[in-house]
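Secondary and tertiary structure notes
The chain contents come next:
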Amino acid sequence: MPAEKAPAFMYPPKKATSKTVLVGEEFVVECFATGVPPPVMKWSKDWGEVSLDGKRLESFNKRLRILSATAEDAGDYTCTASNKMGYVERTISVSVKGAPFWLEKPKNLILSQDASGRMVCRADGIPRPSIQWLVNGIPVEEAEPVPGRQVSGETLSFRAVTEATTAVYQCNASNPYGYLLANAFISVMDQRARILGPRDEVVKVIEGRKTILDCPYFGAPAPELRWSKGAVGTLEGGRYKVYKNGTLEIRKTRLDDQGMYMCTVSNIIGRDENQITLEVKEPTQVIQKPQNVVILRGGDAKFDCAVKHDESMLPSIHWEKNNKTLYIGRRLIKEEESLTILNVNKADEGVYSCIVKTELDDIIVSARLKVMDRPEPPTDLEISEPSERSVRLKWKPGDSNHSPIKEYLVQVKEEWWFPSAWKNLTSYPGNLNSVVLQLSPYLSYRFRIIAINGIGQSQPSRATEYYQTGGAVPDAYPKNIKGVGSGLWRNNMEITWEPLPERDWNGPYLQYMVWWKRKDSKEEWKNVTTRWWWHTIYDTDTFTAYEIKVQAINSFGYGPESPIVIGYSGEDRPLEAPLELSVSDIESTSVTVSWQPVAHSSIMGELKEYKVYYWRESSQLPWLSVSRRTKSKGFGSSSGERLSGEVTGLTPYSNYRMYIVVANSRYEGPASSTIEFQTPEGVPSAPRSFKIQHRHLDTIYVEWERPAEPNGIITGYILRYQQLNASRGEKIREEQFPPNQTSFSVQRYDRYTRYKFSLAAQTEVGIGEFYTEESPHFTEAYSTDQVDLATQGWFIGLMCAIALLVIIMLVVFFIKRSRGGKYPVRDKKDFSLEPLDDKDQEGTFDYRSLERITRVPTLPYTRREEDMRQFQRRRDSVEGIIRRTESDDSLVEYGEGGEMEFNEDGSFIGQYTGVSKQERSEKSEYHDSSEATSPANTIYTLA
């Protein structure tokens, strides 16, 4: 390590140096020093602090740069180098020089004869420049003298000028660093007074402001100037001021200043005048200015800008945001006197200006919009100062969005075998940005922070990287330690406990050390180490007390021991049954049970309860069947010579049986002797199957069945009913019925009448539970459904129509079955026609014969065989007919005169037609078909 050394300057070598710079130039002053440890450099000017306005420190303060030199930068700059061994100084004197620059240039002069005037030439510089006057390029001292001309430093004066005074004059200002030169001329002449500016102007001005009326003029000799209003008087003094250049100034213009003003100039040569009309306008005013708005994100912000203006001047209004033109868009609504911003967000913040312009004035009024929102999340989370149980967390606060941050919520994600979800660790006041977090050993953590203000929570910050704490011995001991007998064996005890949560392990390879010994014994503690959260001890005595404790162990050592817990080994079945079981205070639904407790040593374990078993043997009503399901009720352990308890939920008027047992945690003991008892009568349950019917238009009929649980001998029924849609004065009517009556009818006044019925059964004890129901909305259509359909006319008509339809279908079916036509003649060779009806005198015949003929099936034969068979059959049939009838109108007529016509199948047409051969010949030319028209064919056609 090098030896310590006091500072020493390498540059500048001398204690005092100087430097000259020009105005506007950039220059640098610098110092370099050595020393161990390295010296610290500081600068001062004129033994005071150096203002860094327009300056910059460089190279670890070794160099001071002045960007643009001014006269104020001149002075002594001191550089100090110091370390713990001492300090040294160097002084640099800076002189700032500058070339000349104008303060006032000479101006041209136009003068009349015998007038006076002057020219002024002023300049400055470092050093101050000298002034020299020249006439037409010749120094004034060397030029031809002119009467009345006099030089006095920066001023050149003229008195009683003549034409000889006319010339061009120069002013030269110079110093060692530069010079300036300016020209100006003097003209001497005689000219009539005249006004130079525009004529007949109209000047508009705002009330209360200054009014300037210009009237430039010229003349030689110099004219006289006069202002008047309405060509009367002279305006001078008070609120009026007339300048030498012809301008009239009116201060605090009023409305009555409005009118015509006359400007008049004159000299010995001539005169001139000009009229100017003045119009005074009311000032434009913003009578309702926009106000600063602080609003929640998503709200609507409104800025008002109501304007009052002169009627002759229409203003234009536009809006700017942060001095930039605001373009009206979808969320911006511009109205005549307001601007509304819908659904504001963070980007809408800023200064909103209402700009009102007229031809004479303009007004700008502004207001600020602040959007309150949930804060921005913290940034740059940093972890430091790590240890096994804590760590420091730092962060940079995010923007509060105009609502102060109230608190920071630190969230953590732990990782053991698997990462957990994010959860809240703790919260801190909003003025902190560095906290120490208390952690558990041997866990991996990630952190993030949520900022909270009056609006709500920010988004979570970006999470840190995983940070793992060091390991340590367990801090906690297992809880909920128990020792009980297990399984089917009596000589063991299972010790169990709740395993430690992973975050409490504090290190790897967690195990549990289990300790036990008999209670109140002098034996040594026994122990075992296990990875699980249970351990079973074997070969124990029955129901013996043990002292138990458990502690957690990991790779770093032993955790604290748990408090001692008393456990018991396995239990056995109780040996005795409770004695002297009896009942008292017998009610209809409850009874008090009492018994003599058993000896504690006979329970063979920890007393759990005495349990009573009881069941309903039968009802005292012989005809009522009951359920014999066994029920039980336990009574907790208590002390005393005789124990008792109440059994509820019994059924009245029943025969019961009961016994009792004692129980420990595993077994129930032997049953006591069974006792019997009877419950007295009670009130019955509600009647069953309550029905409301409407069998007639003017009557409502109700019926019911007896209760499912009479709970005694039914002595009658009580029916209460009330008309629902009647007036409020309708009273409840009550009817009482003997036990054998289970129906009742009540009259209806009209089809809209409804009733509310309440029915209950009663015993000698009292009235039972009421069953309540309202009658439905019975109508005429509804009542029809209640009567016998067989007696209704519409139903009878419907059934008749169905029967007729079935008959028609059967007739059609048989007719279609009977249509055939073709049949074999050989099967009918012995067939004879039946005699005609004696009453039929018009050539008709019995259609039953036709029906028998048409039902004969047809078999194929040759035409010759069929003709021969048909002929033989026709002859035999005709002879039979002649013998049996005396009628002229018979089938004989149809056979006279030659052969009869036959069909292809051998049948003859005459059987079907019932007409003579002559008639057939008359009609043959019109009927080509082998089948003639007949009443039977008509029936077939209809079918």
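Residues numbered from 1 in each chain as written. Predicted model: local features only at pLDDT ≥ 70, side-chain atom pairs only at ≥ 80, totals over all residues. Heavy atoms only, no water.

Across the sheet, three strands lie side by side as E46-E47-E50; this open sheet has antiparallel pairing. For this open sheet the edge positions go to strand E46 (479-484) and strand E50 (534-538), each flanked by a neighbour on one side alone. Looking at each pair of strands side by side, their axes are set apart by 10° on average, direction ignored. In the sheet, strand E47 (residues 492-498) pairs with E50 via five bridges, with the strands oriented antiparallel. Within the sheet, the bridge partner assigned to Asn492 lies in E50 and is Tyr538. (Pairing = 2+ DSSP bridges. Helix = DSSP H or I, 4+ residues; strand = E, 2+ residues; numbered from the N terminus. Axes fitted to C-alpha atoms, helices over the stretch in contact; angles between N-to-C directions.)

Moving on, we get to the sheet that holds strand E45 (residues 467-468). The strand order across the open sheet formed by four strands is E42-E41-E44-E45, and the pairing between neighbours is antiparallel. Bordering the open sheet on either side are strand E42 (423-429) and E45, each of which pairs with just one other strand. Note: strand E41 (residues 405-415) against E42, six bridges, orientation antiparallel. For Gln411, the partnering residue across the bridge sits in E42 and is Asn424.

Below, the discussion takes up the environment of Ala167. Along the polypeptide, Ala167 turns up in strand E18 (residues 167-175). Spatially, the C-alpha atoms of Ala167 and Ile186 are 5.6 Å apart, while their sequence positions differ by 19 residues. Dropping the residues within four chain positions of it, Ala167 is found in contact with Val135, Asn136, Ala184, Phe185 and Ile186. (Contact = heavy atoms within 4.5 Å.)

So, about the nonpolar core. One finds Leu393, Leu437, Phe447 and Ile495 to be the most contacted residues of the largest nonpolar core, which totals 35 residues. Looking at this core, the elements with two or more residues in it are strand E40 (390-396), E41, strand E43 (434-438), strand E44 (444-453), E47, strand E48 (511-518) and strand E51 (545-554). Counting 21 residues, the second largest nonpolar core, distinct from the first, contains Phe303, Cys305, Ala367 and Val371. (Core = buried A, V, L, I, M, F, W, Y, C linked by side-chain atoms within 4.5 Å. Buried < 20%, exposed > 50% of the residue type's maximum accessible area, 1.4 Å probe, protein only.)

Once that is clear, we can look at unusual backbone geometry. At the junction of Val36 and Pro37, the peptide bond is cis and its omega measures out at -5° in the coordinates. Checked against the element boundaries, Pro37 lands in the loop between strand E4 (32-36) and strand E5 (40-45). Omega for the bond connecting Ile126 with Pro127 falls within 30 degrees of zero, at -5°, which places this linkage in the cis form. At Asp585, a position not held by glycine, the phi torsion is positive, near 50°. Among the structural elements, Asp585 can be located in the loop between strand E54 (579-584) and strand E55 (590-596). Even without a glycine there, the phi angle at Ser689 is positive, about 50°.

Looking now at the packing of aromatic side chains. Enumeration according to the criterion identifies 25 aromatic pairs in this entry. Pairing Tyr755 with Phe757 gives two aromatic rings, centres 6.0 Å apart and planes at 40°, and the pair type is tilted. Comparing Tyr755 with Phe757 shows no difference in burial state: the two are buried. Among the aromatic residues, those joined into a cluster by ring pairs are Phe690, Trp704, Tyr717, Tyr721, Phe737, Phe744, Tyr755, Phe757 and Tyr771. Between the NZ or CZ atom of Arg239 and the centre of the ring of Tyr240, over which it lies, the distance is 5.6 Å. (Phe/Tyr/Trp six-rings, centres within 6.5 Å; stacked < 30°, edge-to-face > 60°. Lys NZ or Arg CZ within 6 Å of the ring centre and 35° of its normal.)

Take the side chain of Asp272 next. As for its placement among the helices and strands, Asp272 is situated in strand E28 (residues 271-281). Looking at Asp272, its side chain comes within polar contact range of the main-chain nitrogen of Ile195, at 2.8 Å. Here the side chain of Asp272 touches Arg199 through a polar contact of 2.5 Å, side chain to side chain. Setting aside anything within four residues of it in sequence, one finds Asp272 in contact with Arg192, Ala193, Arg194, Ile195, Arg199, Cys263, Thr264 and Val265. (Polar contact = N/O pair within 3.5 Å; in protein donor to acceptor, adjacent residues only side chain to side chain.)

Okay, the state of the cysteines next. Scanning all chains against the criterion turns up three disulfides. Through a disulfide, Cys121 is tied to Cys171; the S-S separation comes to 1.6 Å. Disulfide Cys121-Cys171: torsion about the S-S bond near -75°, hence left-handed. Here the residue Cys121 occupies a position in the loop between strand E12 (117-120) and strand E13 (122-126), and Cys171 occupies one in strand E18, the gap between them amounting to 50 residues. You can call Cys171 buried: its relative accessible area is 0%. (Disulfide = S-S within 2.5 Å.)

Another aspect to go through is the pattern of salt bridges. Within the structure shown, the criterion is met by 36 salt bridges. With a shortest N-O distance of 3.4 Å, Asp46 and Lys45 are connected by a salt bridge. Overall, the relative accessible area of 41% leaves Asp46 in the partly exposed class. One salt bridge connects Glu349 with Lys346, and the closest N-O pair in it is separated by 3.4 Å. (Salt bridge = Lys/Arg side-chain N within 4 Å of Asp/Glu carboxyl O.)

Positionally, Glu571 belongs in the loop between strand E53 (565-568) and E54. Of the side chains with opposite charge, Arg666 lies nearest to the buried Glu571, which makes no salt bridge, at 5.8 Å. Here the side chain of Glu571 touches Glu606 through a polar contact of 2.7 Å, landing on its backbone nitrogen. In this structure the side chain of Glu571 is engaged in a polar contact, spanning 2.9 Å, whose partner is the backbone nitrogen of Ser665. In contact with Glu571, not counting residues within four places along its chain, are Arg490, Thr542, Phe543, Met604, Gly605, Glu606, Asn664, Ser665, Arg666 and Tyr667. (Lys, Arg positive; Asp, Glu negative; His and termini not counted.)

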